[in-house]
Amino acid sequence: FVRVRIAKGHGPSRLQADLRSRGVEGRLAESTVGTVLEDEGVDLDAQVKRLAEKRLGQLQGLPSNTRRRRVLAFLGRRGYSGWTVRQTVEQLLTEA
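Residues numbered from 1 in each chain as written. Predicted model: local features only at pLDDT ≥ 70, side-chain atom pairs only at ≥ 80, totals over all residues. Heavy atoms only, no water.

## Describing the packing of aromatic side chains
Then, in step 1: Enumeration over the complete set of coordinates arrives at zero aromatic pairs.
Then, in step 2: Sitting over the face of the ring of Phe74, Arg55 holds its NZ or CZ atom 5.4 Å from the ring centroid. (Phe/Tyr/Trp six-rings, centres within 6.5 Å; stacked < 30°, edge-to-face > 60°. Lys NZ or Arg CZ within 6 Å of the ring centre and 35° of its normal.)

Okay, structure coming up:
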């Protein structure tokens, strides 16, 4: 389940929430997601960048603030959060 969701671009927070909604205890969900991410060698920074680039491409033509807000919300719903996400989005917007 977790491997399939990782391939779809879901982040750690979303994966843990999905497992908890299916009745898996919180600590077990957290350790399972961590183990699978490590076993699969998932680079979360690269995954965030890939998803953000794709979403920003879909939002071309919109004002910069709107694009920033929508990409951050999209990544948040996908289960990514924190400074790295914000920094990656800012960097991509600056390059664009």
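Additional details are given in the paragraphs that follow.
## Here we look at the pattern of salt bridges
Then, in step 1: A complete count under the given rule lists four salt bridges for this structure.
Then, in step 2: Put simply, Asp18 and Arg5 hold a salt bridge, and the shortest N to O gap is 3.0 Å. Here the residue Asp18 occupies a position in helix 2 (residues 12-21), and Arg5 occupies one in helix 1 (residues 2-7), the gap between them amounting to 13 residues.
Then, in step 3: Overall, Asp18 belongs to the buried group, its relative accessible area being 11%.
Then, in step 4: Across the pair Arg68 and Glu90 runs a salt bridge whose closest N-O atoms are separated by 2.6 Å. Taken together, the residues span a long stretch of sequence, with Arg68 in helix 5 (residues 64-78) and Glu90 in helix 6 (residues 83-95) at a distance of 22 residues. (Salt bridge = Lys/Arg side-chain N within 4 Å of Asp/Glu carboxyl O. Helix = DSSP H or I, 4+ residues; strand = E, 2+ residues; numbered from the N terminus. Buried < 20%, exposed > 50% of the residue type's maximum accessible area, 1.4 Å probe, protein only.)

## Here's the deal with the nonpolar core
Then, in step 1: Membership of the largest hydrophobic core comes to 13 residues, with the highest contact counts inside it found for Ala52, Val71, Leu75, Tyr80 and Val89.
Then, in step 2: The residues touching Val71, leaving out its near neighbours within four places in the chain, are Ala52, Arg55, Leu56, Leu59 and Val89.
Then, in step 3: In this structure, Val2, Ile6, Val33 and Leu37 belong to the second largest nonpolar core, which totals eight residues. (Core = buried A, V, L, I, M, F, W, Y, C linked by side-chain atoms within 4.5 Å. Contact = heavy atoms within 4.5 Å.)

## What about the side chain of Arg67?
Then, in step 1: Summarising the element assignment, Arg67 is placed in helix 5.
Then, in step 2: In contact with Arg67, other than residues within four places in its own chain, are Leu56, Leu59, Gln60, Leu62 and Leu93.

## Details of the packing of helix 2 against helix 3 (residues 26-40)
Then, in step 1: It is at 9 Å that the axes of helix 2 and helix 3 come closest, and there the two elements cross at 135°. Of the possible angle classes, the one that applies to helix 2 and helix 3 is oblique. Viewed along their axes, helix 2 and helix 3 form a crossing whose handedness is right-handed. Side by side, helix 2 and helix 3 meet where Pro12, Leu15, Gln16, Leu19 and Arg20 of the first sit next to Gly26, Ala29, Glu30, Thr32, Val33 and Leu37 of the second.
Then, in step 2: Grouping the amino acids of the contact of helix 2 with helix 3 by side-chain chemistry returns six nonpolar, three polar and two charged. (Axes fitted to C-alpha atoms, helices over the stretch in contact; angles between N-to-C directions. Parallel < 35°, antiparallel > 145°, perpendicular 65-115°, else oblique. Left-handed = near helix turned anticlockwise from the far one by under 90°. Nonpolar A, V, L, I, M, F, W, Y, C, P; charged D, E, K, R; others polar.)

## Considering helix 3
Then, in step 1: Compared with the 21 Å implied by 1.5 Å per residue over 15 residues, the 21 Å span of helix 3 between its first and last C-alpha is a close match.
Then, in step 2: Those residues of helix 3 lying buried are Ala29, Val33, Val36 and Leu37. Considered in projection along helix 3, the buried side chains sweep an arc of 100° and stay on one side of the axis. Away from the buried face of helix 3 by more than 90 degrees, exposed residues Arg27, Glu38 and Asp39 are located.
Then, in step 3: Residues of helix 3 that are buried in the fold lie against helix 1, helix 2 and helix 4 (44-58).
Then, in step 4: Positive phi shows up at Gly41, right after helix 3, with a value of about 65°. (Expected span 1.5 Å × (residues − 1). Arc of directions from axis to C-beta.)

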